[in-house]
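Secondary and tertiary structure notes
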Amino acid sequence: MSRLLIILIRFYQGAISPHFPAACRYTPTCSQYAIDAIRKYGPLKGSWLAAKRIARCHPWGGSGYDPVP
């Protein structure tokens, strides 16, 4: 399951993301954060952490370096 999620995220990074302007507020990017979280915590907790990170990514949210805990 982890492998499938990472493949889908890599597809997004290579095929979809380049067609939009770079607007990421955090380092690493949300997609890279999701990959790191899934690798570290597995598909369930990693996806939950990624969803929480994406929810924080808005104009009034934070910014800067935010690694996977």
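Residues numbered from 1 in each chain as written. Predicted model: local features only at pLDDT ≥ 70, side-chain atom pairs only at ≥ 80, totals over all residues. Heavy atoms only, no water.

**Some remarks on the pattern of salt bridges**
In plain terms, the rule: A pairing counts as a salt bridge when a side-chain nitrogen of Lys or Arg comes within 4 Å of a carboxyl oxygen of Asp or Glu. Helix numbers and strand numbers start at the N terminus; a helix is a DSSP run of H or I with at least 4 residues, a strand a run of E with at least 2. Each residue is assigned to one of three classes by its accessible area relative to the maximum for its type, calculated with a 1.4 Å probe on protein chains only: buried under 20%, partly exposed between the two thresholds, exposed over 50%.
Here the structure, examined in full by the defined rule, presents 2 salt bridges. Of the charged contacts, one joins D66 and R56 as a salt bridge, the two residues approaching to 2.5 Å between their closest N and O atoms. One end of the pair, D66, is in the segment after β2 (64-65); the other, R56, is in helix α3 (residues 43-56), with 10 residues separating them in the sequence. The exposure class of D66 is buried, given its relative accessible area of 17%. Residue R56 is classed as partly exposed on the basis of its relative accessible area, which comes to 32%. Where salt bridges share partners, they join R53, R56 and D66 into one cluster.

Shape is all these values report; function is a separate question.
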